[in-house]
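Summary of the model geometry
Spelled out from the first residue to the last, the chains are:
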Amino acid sequence: MENYAIILVLMGAMAILSTMAEKIKISSPIVLIVAGIAIGFIPGMPAIAIESEVVFLLFLPPLLYDAAFKIHWKEFKDNIYIISRLAFSLVFITTLGIAAVAYYLIPGMSWPLAFVLGAILAPTDAVAALNITKGMKLSSLTNTVLEGESLLNDASALVAFKFALAALFGASFVLWEASLSFVTLLIGGFLVGFVFSKLLGFVLKLIRDNGTAVLSLVLLSPFVVYLLAEHIHASGVIAVVTLAFGLSKLSAARFPERLKVQSEHIWDMISFLLNGLIFILIGLELPIVVKKLTSEQLLTYGGIAAIITVTALLVRTLSVFLHRKRLHKAFQHAQNNKRARAIPESILLSVQESMIISWSGMRGIISLALAIGLPHVLKNGQAFPMKDDIIYITTVVVLLTIVGQGLLLPFIARPKS
């Protein structure tokens, strides 16, 4: 009951702080995280730890649904190549890069444990980037790529995390088995979301005159489809995204304008509350984990976290600019060869757009949830190795990317005169 009261107070404070952030021209995620850290260090303040199950069951489904529902489907489809590269290929490459850094820099770090840390820190949190650049008039192309990546990369990161954790528990890693499992998860998630969206769409058509009932079912749907997909060992992330795409088309074609406006207001409020609470909870995590490590460990791991942050940023930047180069080359080839597959000029990234996308590789609540959700013991009954160390490194990387990169991102996104 005490934690419940504190959460209510934090949500009220979040609403006020977000308003203040707009007035002082500082991005609300940065203000909320700093406020969370400050609140966490108040003497006598009860610890409000993030529960991984709460993140995956309460926060993830509605935020994924809201983002997928609002994304422009044609632009998403046109840019599926770079979106899939960032959401799938880059996640696995980043996992490898971070794992190598962790293995060689952290004393006592085994390869399986290094891959666990790499998988935890591989997914980006485009929600933070889009909140930070809100009002900066990013191009539609940049927004589509960042939003599209955020819809899909959680799925690949969760798969990478699953196999890294299995390797730590002694299971052998076989590439073809991992690849087949990944594809099966994606197809399963798509089928669950597709079938559920068709069934729900049929029901919504029958009751479309009852706006309250329609909105209630739509509000519940992402939670239901996520749980259903996870229950049959498919991707809940892909299921929710597929559901949102299906209902978005249905809404545009069949829902009356009044219902669309009401739905938009409800989801805007939910997104505002959940996003704000997430950033405060991220800040609150630092005071909790700091108390579990020595001063020497805090300093050493803080430095390693900074190196990991730079490594992830360099890997991402290289990937984005290589894609930009390939895309421009393909466009020129199509211009000179009429038989070649046409490349629309609208999907060509400028240098500034590539820099914005590269710099927007921030880590967030999913990384923290994965770290905090690590098991306490291994199969042999021994304590999970270096769990507090991993949580601290993850927390610092999240803070460095959101606050550090977040403070510089507006300057990179500023229109060139």
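Look up a bit, the structure's there.
Remember, it's a predicted structure, so these values are computed and weren't measured experimentally. Each chain has its residues counted from 1, running along the sequence as written. Reporting in this predicted model follows two pLDDT cut-offs: at least 70 for local features of residues, and 80 or more for side-chain atom pairs to be given and counted; totals over whole chains, interfaces and linings ignore these cut-offs and use all residues. Remark: hydrogens and water are excluded; side-chain values derive from all non-hydrogen atoms of the structure.

Stacked, edge-to-face and tilted labels apply to pairs of Phe, Tyr and Trp rings (six-membered ring for Trp) whose centres lie within 6.5 Å, assigned for plane angles under 30 degrees, over 60, and everything in between, in that order. Inspection of every chain in the model, using the stated rule, returns twelve aromatic pairs. Relative to Tyr104, the ring of Tyr103 has its centre 5.0 Å away and its plane inclined at 85°; by these criteria the two rings are edge-to-face. One aromatic cluster in this structure is built from Tyr103, Tyr104, Trp111 and Phe115. Ring-over charges, as used throughout, are those where CZ of Arg or NZ of Lys falls within 6 Å of the ring centre and within 35 degrees of the ring normal. We note Lys162 situated over the ring of Phe163; from NZ or CZ to the ring centre the distance is 5.6 Å.

Put plainly, a pocket is an open set of points on a 1 Å grid over the protein atoms alone with protein on both sides within 12 Å along at least five of seven lines, a cavity is a set where a 1.4 Å probe fits but cannot get out, and a lining residue has an atom within 4 Å of a point. Grid points are joined across faces, edges and corners, and a volume is the space filled by probe spheres set on the points. In the structure shown here, the tally under the stated rule is two cavities of 30 Å³ or more. For the largest cavity, the calculated volume is near 100 Å³. Lining the largest cavity are 13 residues, with Phe69, Val218, Ser251, Phe255 and Ser263 positioned closest to its centre. When residues of the lining of the largest cavity are traced back to their parent elements, those giving at least two are α3 (52-70), α10 (211-231), α11 (236-254) and α12 (257-290). There is about 40 Å³ of room inside the second largest cavity. Around the second largest cavity, the lining residues are Leu86, Leu90, Val91, Thr94, Ala122, Thr124, Glu149, Asn153, Ala312, Arg316 and Arg363. When residues of the lining of the second largest cavity are traced back to their parent elements, those giving at least two are α5 (80-105), α8 (140-168) and α13 (295-336). Each helix corresponds to a stretch of at least 4 residues labelled H or I by DSSP, and each strand to a stretch of at least 2 residues labelled E; elements are numbered beginning at the N terminus. For the lining of the second largest cavity, the leading source of residues is α5, giving four residues. In this classification, the charged set is Asp, Glu, Lys and Arg, the nonpolar set is Ala, Val, Leu, Ile, Met, Phe, Trp, Tyr, Cys and Pro, and all remaining amino acids, among them Gly, are polar. In terms of residue class, the lining of the second largest cavity is built from five nonpolar, three polar and three charged.

Bringing the layout of surface pockets into the picture now. Computed from the structure, the second largest pocket encloses a volume of approximately 650 Å³. If you trace the second largest pocket, you find 24 residues lining it, with Phe56, Leu158, Phe161, Tyr226 and Glu230 closest to the centre. Breaking the lining of the second largest pocket down by element, the ones donating at least two residues are α3, α8, α10, α11 and α15 (365-372). Here the lining of the second largest pocket gets six residues from one element, more than from any other, and that element is α8. Partitioned by chemical class, the residues of the lining of the second largest pocket number 16 nonpolar, five polar and three charged.

Patches here are clusters of residues that have more than 30% relative accessible area and form no salt bridge, with a 9 Å joining cutoff for like charges and a 5 Å cutoff for nonpolar side chains (Val, Leu, Ile, Met, Phe, Trp, Tyr). Calculation of accessible area relied on Shrake-Rupley with a 1.4 Å probe; when residues are assessed, cover is drawn exclusively from the protein chains displayed. Definition used for salt bridges: Asp or Glu carboxyl oxygen within 4 Å of a side-chain nitrogen of Lys or Arg. Positive charges are assigned to Lys and Arg, negative charges to Asp and Glu, while His and the chain termini are left out of the count. Where a charge lies is defined by one atom per residue type, namely NZ (Lys), CZ (Arg), CG (Asp) and CD (Glu). Together, Lys77, Lys198, Lys205, Arg208, Lys249 and Arg254 make up a positively charged patch on the protein surface. Mapped by element, the contributors of at least two residues to the positive patch are α9 (175-206) and α11. Among the structural elements, Lys77 can be located in helix α4 (residues 73-78).

All quantities given are derived from atomic positions and should not be read as evidence of function.
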